[in-house]
Amino acid sequence: MDDKTTKGATTPAGAPATGDKAGQPKIRITGLRKSFGDNEVLSGIDLDVQPGEVVCVIGPSGSGKSTMLRCINRLEEPTSGDIVIDGESICAPGADVDRIRRHLGMVFQQFNLFPHYSVRENLTYAPVQLKLMGQAEADKVAMDLLARVGMADKADAMPRSLSGGQQQRVAIARALAMQPDIMLFDEPTSALDPEMVHEVLDVMRELADDGMTMVIVTHEMGFAHDVADRVIFIDGGVIVEQGDPEQVMHHPRNERTKSFLSKVL
Ligand SMILES: Nc1ncnc2c1ncn2[C@@H]1O[C@H](COP(=O)(O)OP(=O)(O)OP(=O)(O)O)[C@@H](O)[C@H]1O
């Protein structure tokens, strides 16, 4: 992949990074807190993600990783704090959430393809419905994206005829069809049979190489080490440690990071 030194900045835990040369990170999270009833799941997250940066988020089950990702695109409402996408708050009163959200492509653990639409229709449905493009352009974009994820020959197939790995590759292409400039991944391989994991990770590696800004919640530690510009370790709803993947994963400074990694590496 690209020389990591040319990409996103690495910062100490909790410290906001400096923006890109235009002075603006792709994502800026400040003071993010999220509670479900009395259960405070996020307890003050500060995080900048720079253009083209690949951030992998690791941490124990229940530490708040998915909740943070879901707050970024307002699938969850933050209890307090702010999230700014390309300079625009997605949390401010009156924010045009649907429009701002179009910067963000989201890929979940479950593929959730539309079961009654073909693979190609899964990609064209939203862009056409939202009038982002006409049918002919959407078809062309869909075919280009399906080729990119190695699924062009399945354009007319129905989702149920595909393997889990193939469905997840289509789900990635579907997110890309909205032409986002940030991709969020929430454990995209955890529902897959082991032999299918690599085909999805390979697609994600290519996206990283192409300079896509990505935040990836993952339990795939080898992948995180290889693909990330920065690894973030979250525990108990806070960023405990972050930095260069080699440093965080093989030379962690924090005892909680060490303890977690000793169980998963
Ligand atoms: N909609 C919700 N309502 C109530 N509690 C929730 C909700 N969503 C998440 N939680 C709780 O928030 C906590 C953090 O969940 P979250 O899914 O963010 O953790 P995670 O770090 O992604 O875990 P995992 O690695 O197991 O996916 C958990 O205790 C979970 O039960």
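Heads up: the structure comes first, above all this text.
These lines cover the structure that appears in this document, whether it is placed above or below. Note that the structure is a prediction, hence the values are computed from the model and not measured.

Here we look at the pattern of salt bridges
- For the structure shown, the criterion picks out 18 salt bridges.
- Across the pair Glu77 and Arg74 runs a salt bridge whose closest N-O atoms are separated by 3.3 Å.
- By relative accessible area, which is 18% here, Arg74 ends up buried.
- Between Glu88 and Arg99 there is a salt bridge, and its shortest N-O distance comes to 2.8 Å. Here Glu88 is found in strand S5 (residues 88–89), whereas its partner Arg99 is found in helix H2 (residues 97–101), with 11 residues between them in sequence.
- Among the charged side chains, a network of salt bridges with common partners joins Lys26, Asp86 and Asp181.

Examining unusual backbone geometry
- Phi at Asn112 is positive, roughly 55 degrees, even though this residue is not glycine.
- Mapped onto the elements, Asn112 comes out in the loop between strand S6 (104–107) and helix H3 (119–129).

What to know about helix H9 (residues 255–264)
- Every buried residue of H9 is accounted for by Thr257, Phe260 and Leu261. For H9, the angular spread of the buried residues around the axis is 95 degrees, confining them to a single face. Counted as exposed and oriented over 90 degrees from the buried face of H9: Glu255, Ser262 and Lys263.
- In this fold, the buried residues of H9 make contact with strand S3 (54–58), helix H7 (221–227), strand S9 (230–235), strand S10 (238–243) and helix H8 (245–250).
- Its side-chain oxygen at 2.7 Å from the backbone nitrogen of Arg256, Asn254 defines the N-terminal cap of H9.

Remarks on the site of the ligand
- Lining the immediate environment of the ligand, one finds 14 residues, of which Ser61, Gly62, Lys65, Ser66 and Thr67 sit closest.
- Contact between the ligand and Lys65: an oxygen atom at 2.8 Å from a side-chain N or O atom of the residue.
- Coverage of the ligand by the protein amounts to 60% of the 640 Å² it exposes when considered alone.
- Within the residue set of the shell around the ligand, elements represented by two or more residues are strand S2 (39–49) and helix H1 (65–72).
- If you tally residues by element for the shell around the ligand, the top one is H1, at 3 residues.
- Considering only residue class, the shell around the ligand consists of 3 nonpolar, 8 polar and 3 charged.

Here we look at the packing of H3 against helix H5 (residues 164–177)
- Running from amino to carboxyl end, H3 crosses H5 at an angle of 25 degrees, the nearest separation of the two axes being 8 Å. Between H3 and H5, the interaxial angle falls into the category roughly parallel. You can see that H3 and H5 cross each other, and the crossing is right-handed. Packed against H3, whose contacting residues are Val119, Asn122, Leu123 and Pro127, the element H5 presents Val170, Ala173, Arg174 and Ala177 at the interface.

Reading the values: the criteria
Residues numbered from 1 in each chain as written. Predicted model: local features only at pLDDT ≥ 70, side-chain atom pairs only at ≥ 80, totals over all residues. Heavy atoms only, no water. Salt bridge = Lys/Arg side-chain N within 4 Å of Asp/Glu carboxyl O. Buried < 20%, exposed > 50% of the residue type's maximum accessible area, 1.4 Å probe, protein only. Helix = DSSP H or I, 4+ residues; strand = E, 2+ residues; numbered from the N terminus. Arc of directions from axis to C-beta. Contact = heavy atoms within 4.5 Å. Polar contact = N/O pair within 3.5 Å; in protein donor to acceptor, adjacent residues only side chain to side chain. Near = heavy atom within 4 Å. Areas by Shrake-Rupley, 256 points an atom, 1.4 Å probe, with all protein chains shown as cover. Nonpolar A, V, L, I, M, F, W, Y, C, P; charged D, E, K, R; others polar. Axes fitted to C-alpha atoms, helices over the stretch in contact; angles between N-to-C directions. Parallel < 35°, antiparallel > 145°, perpendicular 65-115°, else oblique. Left-handed = near helix turned anticlockwise from the far one by under 90°.

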